[in-house]
Amino acid sequence: MSAANAAQVAYWNETAGRTWADLQDRIDRQIRPLGLAAMQRLAPAPGEQVVDVGCGCGDTSLELARRVGPEGGVLGLDISAPMLEVARSRAETAGLRNLTFHEADAQTASLPGDRDAVFSRFGVMFFADPAAAFGNLRRSLRPGGRLAFVCWRPLAENLWMRLPAEAAAGLVPPAPPPEPGTPGPFAFADPDRVRGILTAAGFTGIDISPHDEAIGGLDLEGTVAMSFRVGPLGAILRERPDLAPVLRDRVRTAVSPWLRGDAVYMPSATWLVSARNPG
């Protein structure tokens, strides 16, 4: 595999990938609605050939495969071997024969051509050279082929990630803001930057729309436990696991006002992005 995104390859194989594989059901429950919103923008049709970028544990790839049907096909791409192991198992269990997975870096991989569409649910913010990556993806599309993805708006607007991390205030120094353009979950928070990247990659008809939706679906204890493993608070606890006993009550108090019945639902803020390959 190319070393263009070596740091991300290491992170998603040695650190985050196994965590996400272990938590696949709970993570999918939280963010599935956001992927479906982007999929509605893509509008995959029966018989189409689709590439799913950063497919992870395969949730979106399975749904795309169902939508394009047996006459179509889906190629799921990811750099994380632990997550792809889960994805392949899920596809086999589902009996989907029009779905394959490839461990590859979409920035540099040789991709099949003449695809109808490229899709991603939070899988495109981690490229070292995003313009090159999207250029590579565009070249895999037929003339008029479509791109659609969902990405995070700034952390400040995503209460479901920000609130648990704020529970650590006063216990650890505040994390310095990442350098603009650094690969990571909020690398595409600036819509002007996203538009510039897609334009440089040769896409046209670019549309970037805000999407606000409460997400969650886990009970209170499950929500607390999830925040300890992923997101900004998870990153803090990987460095300072000794803080877990103190933070548990703090996070529980912070998120409990967002209980709706038996489950927690908190605001999320994303961009729905679509574009076309002019040919």
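Okay, so let's go over this structure. Because the structure is a prediction, the values reported are computed rather than measured. Per chain, residues are indexed from 1 in the order of the written sequence. In keeping with the predicted nature of the model, local features appear solely for residues at pLDDT of at least 70, side-chain atom pairs appear and are counted solely at 80 or more, and the whole-chain, interface and lining totals rest on all residues. As a convention, hydrogens and water are excluded, and side-chain values are obtained from all of the structure's heavy atoms.

1. Notes on the overall build of the protein chain
Using the following cut-off: Elements are defined by DSSP. Helices are runs of H or I of four residues or more, strands are runs of E of two residues or more, and each kind is numbered from the N terminus. Taken over C-alpha atoms, the radius of gyration is set against a globule rule of 2.2 Å times the number of residues to the power 0.38. Partly exposed describes any residue whose relative accessible area lies between the buried limit of under 20% and the exposed limit of over 50%, with all areas from a 1.4 Å probe on protein chains only and scaled to the type maximum. Should any heavy atoms of two residues lie within 4.5 Å, those residues are counted as being in contact. All accessibility values rest on the Shrake-Rupley procedure with a 1.4 Å probe; residue burial counts only the protein chains present in the view. Residues scored as charged are limited to Lys and Arg (positive) and Asp and Glu (negative), so that His and the chain ends carry no count. Charged groups are reduced to one reference atom each: NZ for lysine, CZ for arginine, CG for aspartic acid, CD for glutamic acid.
Summing up its helical and strand segments, the protein chain has 11 helices and 8 strands in all. Against the globule reference of 19 Å for 279 residues, the protein chain gives a C-alpha radius of gyration of 19 Å, in line with a compact fold. When its C-alpha atoms are laid out on the principal axes, the protein chain stretches across 55 × 40 × 35 Å. Residues classed as buried in the protein chain amount to 53% of the 279 residues present. Relative to all contacts within the protein chain whose residues are 6 or more apart in sequence, the contacts with residues 24 or more apart total 82%. Here the protein chain has roughly 12200 Å² of accessible surface; of this, 54% comes from carbon and sulfur atoms. Computing the positive centroid from 28 side-chain charges and the negative centroid from 31, the protein chain places the two 2 Å apart.

2. A look at the packing of aromatic side chains
Threshold: For Phe, Tyr and Trp, rings pair up if their centres lie within 6.5 Å, where Trp contributes its six-membered ring, and each pair is then called stacked (planes under 30 degrees apart), edge-to-face (over 60) or tilted (otherwise).
A full pass over the atoms with the stated rule returns 6 aromatic pairs. Relative to Trp152, the ring of Phe122 has its centre 4.0 Å away and its plane inclined at 10°; by these criteria the two rings are stacked. Here Phe122 is found in the loop between strand 4 (115-121) and helix 6 (130-139), whereas its partner Trp152 is found in strand 5 (residues 141-152), with 30 residues between them in sequence. Trp152 carries the same exposure label as Phe122, and that label is buried. Ring centres 5.6 Å apart and planes at 35° place the aromatic pair Phe134 and Phe149 in the tilted group. Remark: Phe149 occurs in strand 5 and Phe134 occurs in helix 6; sequence separation between them is 15 residues.

3. As for the pattern of salt bridges
Cut-off, in case you're wondering: Salt bridges are defined as contacts in which a side-chain nitrogen from Lys or Arg sits within 4 Å of a carboxyl oxygen from Asp or Glu.
Taken as a whole and judged by the stated rule, the model has 16 salt bridges. Of the charged contacts in the structure, one is a salt bridge between Glu63 and Arg66, with a shortest N-O distance of 3.5 Å. In this pair, Glu63 and Arg66 are both assigned in helix 4 (residues 59-68), 3 residues apart and thus about one turn of the helix distant. The exposure class assigned to Glu63 is partly exposed, which follows from its relative accessible area of 23%. In this structure, Asp249 and Arg252 form a salt bridge, with 2.5 Å as the shortest nitrogen-oxygen distance. Linking Asp249 with Arg252, this pair stays in helix 11 (residues 244-255), spanning 3 residues, or about one helical turn. Judged by relative accessible area, Asp249 falls into the partly exposed class, the value being 48%. Residue classification places Arg252 among the partly exposed residues on the basis of a relative accessible area of 21%.

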